[in-house]
Protein chains: 2
Amino acid sequence: MSESKLDTLWREISDLTATEAVLGWDQETMMPPKGQAARGNALGTLAGIKHAKMTSAEILESAEACAEMAAEDSVAEAKAREALRQIHRARKIPADLAKALAESTSSGLASWQKARASSDFSLFAQDLETLVRLNQEKASALSPDGPAYDALLDEFEPGATEAVLGPLFDSLRADLSPLIQAVSDSGVVVDESPAQGDFSEKAQAVFGKMVAQKMGYDFEAGRLDLATHPFCTGFSPSDVRITWRYQTDDFRPALFGIMHEAGHGLYEQGLNPAWVGTSIGGAVGLGMHESQSRMWENLIGRSRAFWEWALPEFRAAFPGKSEVTVDQMFPALHTAKASLIRVEADEATYNLHVAARFEIERRLFSGKISVADLPEFWDQTYEDLLGIRADNVSEGVLQDIHWSMGAFGYFPTYTLGNLINAQLFETMGQEIHDLDAQMAQGDFHTIREWLRAKIHTQSSRYSSDQLVEKVTGSPLSADAFLAGIRKVTAEVYGISGNNM
Amino acid sequence: MSESKLDTLWREISDLTATEAVLGWDQETMMPPKGQAARGNALGTLAGIKHAKMTSAEILESAEACAEMAAEDSVAEAKAREALRQIHRARKIPADLAKALAESTSSGLASWQKARASSDFSLFAQDLETLVRLNQEKASALSPDGPAYDALLDEFEPGATEAVLGPLFDSLRADLSPLIQAVSDSGVVVDESPAQGDFSEKAQAVFGKMVAQKMGYDFEAGRLDLATHPFCTGFSPSDVRITWRYQTDDFRPALFGIMHEAGHGLYEQGLNPAWVGTSIGGAVGLGMHESQSRMWENLIGRSRAFWEWALPEFRAAFPGKSEVTVDQMFPALHTAKASLIRVEADEATYNLHVAARFEIERRLFSGKISVADLPEFWDQTYEDLLGIRADNVSEGVLQDIHWSMGAFGYFPTYTLGNLINAQLFETMGQEIHDLDAQMAQGDFHTIREWLRAKIHTQSSRYSSDQLVEKVTGSPLSADAFLAGIRKVTAEVYGISGNNM
């Protein structure tokens with residue numbers, strides 16, 4: 001009874017969230033440039049209404065009643081837990097602030113796009129200052145005594161803190177830096193030409209779509225559109241949309257971008273239909289989400305087995321590539337070299353990009369640096385961590401969309417996703433014995449159903465930490481990820497694990 | 001003070017209306033098929049929230065206070081008038097019914113699309129029955145003692161009634177039937193070949209877009225997309241979207257469809273920026289809206305002067321048409337013959353299509369016929385009015401989208417639009433002396449600015465009737481429309497006005 005009352009009230013919140021997502025998708029893919037101000041108003045109004053619903057006495061009472069009456073470890077208990085977490089969070093944020101945050105992101109997105117297009121940080125600086133200030137206000141409303149950055153991290157990955165993530169990034173740096181150094185010392189230069197050449201937009205779209213379909217992404221419940229920034233957004237499991245972008249001289253950004261987003265898309269399409277619209281209806285967190293996208297992109301899409309199947313299709317799709325072999329392609333998919341753009345970084349260096357953002361954000365929100373310091377501090381951090389500097393702000397501090405949308409504390413979920421991904425894939429390999437043989441046949445059915453049963457249909461029934469441990473039998477660690485990256489790098493660069 | 005209070009409250013309603021419009025546009029242009037059920041839920045939730053806002057004691061009090069304090073004939077008075085009209089209307093409709101109506105349209109749209117694609121009325125019948133029943137309930141909530149159809153008509157054209165429209169359609173039939181008969185008796189068959197041939201989608205898109213741009217439709221504040229049904233929807237004056245469809249064997253549906261929708265679009269883009277988001281921020285009514293679209297489509301787009309300018313562009317755009325002259329093209333744009341599809345009907349017969357729908361709807365809502373009778377009654381009415389019958393339901397009772405969206409009483413606004421359109425254009429011709437010369441130069445600036453000043457920027461400051469009289473100096477009549485159609489038909493078919 002109290003569970004169904006909570007479900008009824010939550011459905012409105014869920015419908016409002018879906019509505020915001022439609023407006024957001026449209027804003028990034030379809031909206032004409034002049035539509036921005038009105039869109040900001042509409043999003044602000046929706047945020048205000050959602051905030052009022054989320055902070056009503058009625059929903060709090062129904063969640064508390066549900067918590068009281070729920071049997072231990074029941075679905076009802078999970079619904080109450082997740083509802084109360086979000087309700088208590090919302091009740092700490094003043095309505096005006098919730099609305100101002102929503103409105104500011106629309107303007108921030110527009111000025112970031114302009115600034116990035118003309119490589120001029122000053123065009124974005126004012127909006128960014130507003131976004132940082134509003135997020136500072138939000139953080140101090142959420143956690144008046146704790147560190148501001150923790151309050152922000154918690155939004156994207158419940159329970160994540162600077163105190164836990166700091167040592168994690170330190171240890172990843174300690175392991176990855178010698179690896180990158182050993183690669184550099186090896187003198188080996190990977191031949192990337194199998195991935196380079198002349199790839200038409202059309203052929204890349206057809207090929208990418210075919211692969212997404214093979215993965216099981218349902219185009220009757222989804223779309224693939226061009227956008228400046230690849231992303232996935234779900235309005236319900238039956239309407240999940242992904243975007244892509246491409247280069248005509250290199251197929252990797254498009255294909256692996258599509259596989260990445262389709263990995264997110266499979267998670268959203270696979271959420272438990274019975275719980276849609278309830279407080280546990282969504283994905284469990286961004287780290288888990290990223291584990292799904294990165295598994296398809298990296299552990300499947302860059303595997304030898306995958307290319308056993310994909311190569312003939314690839315050869316047929318792209319003229320001039322009819323002679324490429326798997327042995328030639330494999331190294332081109334596993335370089336380990338410092339680069340400027342996070343979304344195109346290889347597996348070995350990717351977490352260093354995230355570490356850089358973690359360093360920058362923690363300092364920004366502890367007041368050690370200001371918005372004006374960002375361009376220079378960004379370049380300095382890249383030099384420290386990756387040994388390279390961007391030539392311009394478009395490839396530096398302006399490369400990511402996240403801050404323009406007011407998302408601070410989001411990046412670390414990418415690294416959590418990498419770690420979860422590797423640990424899940426290890427377990428999957430133990431449970432599906434002929435995994436490689438299936439991939440080499442282009443048969444991804446068993447993989448997808450394994451993920452669907454173990455992860456997707458769990459929705460938010462358990463916390464992310466609980467789910468990882470439930471599925472893999474161990475708490476999350478970096479071991480599987482590091483073992484994997486060492487192995488593949490050793491193979492591609494001909495260096496032994498001992499040298500690292 | 002009371003005006004600004006009302007404005008503040010109304011802005012939320014306006015933002016919700018814009019949000020519903022985004023979801024509606026997406027549903028018809030972008031949404032994957034499986035997304036329908038969730039979209040229906042979201043639209044239902046939004047309708048419920050909007051209804052609650054519109055029926056709150058707070059907004060009623062602020063509108064009443066505004067009405068009391070407003071000076072006679074002031075903007076504040078207009079805002080109060082329009083707010084109170086909508087508030088009182090909403091307060092008569094129970095919240096559950098408002099939500100059910102919104103939810104049912106999404107399902108109706110989907111089943112109508114299926115039924116139409118397979119020409120099978122039975123696939124739509126059940127949803128249509130629900131839609132009719134809910135609209136009967138709505139009508140009796142709005143007007144417990146009056147005729148149901150009047151209550152529905154009033155939603156699209158405030159003040160319109162069956163008692164006024166009945167005689168109007170009777171008199172149009174009385175004037176148009178002899179005209180069509182005289183055309184038939186003349187034995188003249190218009191050569192339509194200048195409009196027929198081979199027109200690629202791409203060339204039609206480029207040409208149509210060029211014409212829309214010439215008209216002044218701002219693509220920085222709009223889009224043009226393909227859709228099953230051409231329509232225009234505005235989220236704000238700076239985000240107004242139009243759709244089109246095409247035939248490859250006849251350029252008329254695409255070009256005149258685009259000019260029609262761009263005419264609507266110019267109205268939406270030209271609404272008074274100072275009043276956006278207030279109760280008088282929108283267009284004044286559907287009749288006035290349709291006057292804008294049909295003026296560009298028919299009185300401008302099918303004029304000799306327009307083709308003086310457009311023909312060289314047309315010849316260059318379409319291979320095989322490089323020899324066509326204005327004298328050859330003109331008759332092909334002014335046929336007067338019975339046809340099955342309303343949106344492709346010529347000016348002379350168009351109002352008979354509307355008269356047919358008026359007959360059918362008035363009987364449906366007075367209980368004289370049922371949903372099951374519709375296919376046969378539709379065909380019978382077409383035979384009575386136009387002398388032809390559809391071969392299948394896709395070209396008959398299923399041709400229009402309106403009922404699937406729960407819009408009953410909408411069609412008569414098309415005829416009102418035709419009449420307003422002709423009367424406005426007559427006045428415009430008196431005030432702009434070299435109108436034809438400007439069109440023949442492809443210069444539509446003066447026309448657009450005249451419409452902007454006289455109509456668009458008036459938003460809902462006055463009622464539609466008031467505005468027509470204010471701009472043209474006379475109350476609305478059918479005179480200008482009938483004079484125009486008689487003149488052009490006489491010219492094309494070589495018959496004198498006295499024979500009609």
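Residues numbered from 1 in each chain as written. Chains lettered and ligands numbered in written order. Predicted model: local features only at pLDDT ≥ 70, side-chain atom pairs only at ≥ 80, totals over all residues. Heavy atoms only, no water.

Enquirer: Tell me about the pairing of strand 3 (residues 239-244) of chain B, and please be specific about residues and values.
Expert: Residue and element names in this part refer to chain B. With six of six residues buried, strand 3 is to be regarded as a mostly interior element. Burial along strand 3 is two-sided: the face carrying D239, R241 and T243 and the face carrying V240, I242 and W244 are both buried. The pairing of strand 1 (residues 222-226) with strand 3 spans five bridges and is parallel. Within strand 3, the residue paired with L224 across the bridge is I242. For strand 2 (residues 232-236) and strand 3, the ladder comprises four bridges, and the chain directions are antiparallel. Bridged to S236 within strand 3 is D239. (Buried < 20%, exposed > 50% of the residue type's maximum accessible area, 1.4 Å probe, protein only. Helix = DSSP H or I, 4+ residues; strand = E, 2+ residues; numbered from the N terminus. Pairing = 2+ DSSP bridges.)

Enquirer: Please provide a residue-by-residue account of the domain arrangement of chain A, values included.
Expert: Residue and element names in this part refer to chain A. Looking at the assigned domains, one finds that chain A contains domain 1 (2-146) and domain 2 (164-196 + 269-499). The straight-line distance from the C-alpha centre of domain 1 to that of domain 2 is 27 Å. With 31 residues of domain 1 in contact, the opposing surface of domain 2 contributes 28 residues. Overall, the association of domain 1 and domain 2 removes approximately 2500 Å² of surface from exposure, summing both partners, and the carbon and sulfur fraction of that is 64%. Where domain 1 meets domain 2, there are zero salt bridges. (Domains from an automatic or database assignment. Contact = heavy atoms within 4.5 Å. Buried area = accessible area lost by both parts, 1.4 Å probe. Salt bridge = Lys/Arg side-chain N within 4 Å of Asp/Glu carboxyl O.)

Enquirer: Account for the confidence of the model for chain A, with residues named and values stated.
Expert: Averaged over chain A, the pLDDT score is 95; the fraction of residues at 70 or greater is 99%. Model confidence for the complex is summarised by a pTM of 0.93, with the ipTM given as 0.92. (pLDDT = per-residue confidence, 0-100.)

Enquirer: I'd like a rundown of the packing of helix 11 (residues 286-300) of chain A against helix 16 (residues 412-431) of chain A, residues and numbers included.
Expert: For any two helices packed against each other, one specifies the crossing angle of their axes together with the interaxial distance. All names here are of chain A. Two elements in contact, helix 11 and helix 16, have axes whose closest approach is 7 Å; the angle formed by their N-to-C orientations is 60°. By the criterion of interaxial angle, the relationship of helix 11 to helix 16 is oblique. Helix 11 and helix 16 meet at a crossing whose hand is right-handed. Residues L286, G287, M288, E290, S291, Q292, R294, M295, L299 and I300 of helix 11 form the contact with helix 16, whose participating residues are T413, Y414, L416, G417, N418, I420, N421, A422, L424, F425 and M428. By residue class, the composition of the contact of helix 11 with helix 16 is twelve nonpolar, seven polar and two charged. (Axes fitted to C-alpha atoms, helices over the stretch in contact; angles between N-to-C directions. Parallel < 35°, antiparallel > 145°, perpendicular 65-115°, else oblique. Left-handed = near helix turned anticlockwise from the far one by under 90°. Nonpolar A, V, L, I, M, F, W, Y, C, P; charged D, E, K, R; others polar.)

Enquirer: Go over unusual backbone geometry with me, naming the residues and quoting the values.
Expert: All names here are of chain A. The backbone phi angle of D73 is positive, close to 60°, even though this residue is not glycine. Tracing the chain through its elements places D73 in the loop between helix 3 (57-69) and helix 4 (75-92). Within the chain, S459 stands out as a residue other than glycine whose phi angle is a positive 40°. Considering the arrangement of structural elements, one finds S459 in the loop between helix 18 (445-454) and helix 19 (464-472). For S459, a relative accessible area of 0% translates into the label buried.

Enquirer: Could you give an account of the interface of chain B and chain A, with specific residues and numbers?
Expert: Taken residue by residue, the interface counts 36 residues in chain B and 36 residues in chain A. When the two sides are added together, the surface that chain B and chain A hide from each other amounts to roughly 2800 Å², 57% of it contributed by carbon and sulfur. Of the charged contacts in the structure, one is a salt bridge between A:R11 and B:E103, with a shortest N-O distance of 3.5 Å. The interface formed by chain B and chain A contains 15 residue pairs in polar contact (both at pLDDT 80 or more). Broken down by secondary-structure element, the contributors of at least two residues to the side of chain B that touches chain A are helix 1 (2-29), helix 2 (36-54), strand 1, strand 2 and strand 3 of chain B. With ten residues, helix 1 of chain B is the single largest residue contributor to the side of chain B that touches chain A. Of the residues contributing to the side of chain B that touches chain A, the split by class is 15 nonpolar, eight polar and 13 charged. (Polar contact = N/O pair within 3.5 Å; in protein donor to acceptor, adjacent residues only side chain to side chain.)

Enquirer: Describe in detail the packing of aromatic side chains, supporting the description with residues and values.
Expert: Within the structure shown, the criterion is met by 56 aromatic pairs over all chains. Where A:F306 meets A:W309, the ring centres are 5.5 Å apart and the plane angle is 80°; that geometry is what we call edge-to-face. Linking A:F306 with A:W309, this pair stays in helix 12 (residues 304-317), spanning three residues, or about one helical turn. In this structure, A:F306 and A:W309 share a single accessibility class: buried. Aromatic side chains B:F306 and B:W307 sit 5.7 Å apart centroid to centroid with 75° between the ring planes, which places their arrangement in the edge-to-face category. A relative accessible area of 1% means that B:F306 is categorised as buried. The exposure class assigned to B:W307 is buried, which follows from its relative accessible area of 2%. Taken together through their ring pairs, the aromatic side chains of A:F199, A:F207, A:F251, A:F256, A:W296, A:F306, A:W307, A:W309, A:F314, A:F318 and A:F444 make up a single cluster. The ring of B:W25 carries B:R241 above its face, with NZ or CZ at 4.4 Å from the centroid. The cationic tip of B:R357 hangs over the ring face of B:F411; the distance from NZ or CZ to the ring centre is 5.3 Å. (Phe/Tyr/Trp six-rings, centres within 6.5 Å; stacked < 30°, edge-to-face > 60°. Lys NZ or Arg CZ within 6 Å of the ring centre and 35° of its normal.)

Enquirer: How would you summarise the sheet that holds strand 1 (residues 222-226) of chain A if you had to cite specific residues and measurements?
Expert: Residue and element names in this part refer to chain A. Taken in spatial order, the three strands line up as 1-3-2 in an open sheet, and their pairing is mixed. Whereas interior strands pair on both sides, the edge strands pair on one side only; in this sheet they are strand 1 and strand 2 (232-236). On average, each strand axis in the sheet is tilted by 20° relative to the strand beside it, whichever way the strands run.

Enquirer: How would you sum up the sheet that holds strand 1 of chain B? Please name residues and give values.
Expert: Residue and element names in this part refer to chain B. One open sheet holds the three strands; their spatial order is 1-3-2, and the pairing between them is mixed. The sheet is open, and its two borders are formed by strand 1 and strand 2, each paired with just one other strand. Strand-to-strand, the axes of this sheet are offset by a mean angle of 20°, without reference to chain direction.

Enquirer: How would you explain the pattern of salt bridges if you had to name every residue and give the values?
Expert: All names here are of chain B. Applying the stated criterion to the full structure yields 74 salt bridges over all chains. For D26, the salt bridge is made with R39, and the minimal N-O distance between the two is 2.9 Å. Highlighted residues: D26 in helix 1 and R39 in helix 2, separated in sequence by 13 residues. The buried category is assigned to D26, whose relative accessible area is 1%.

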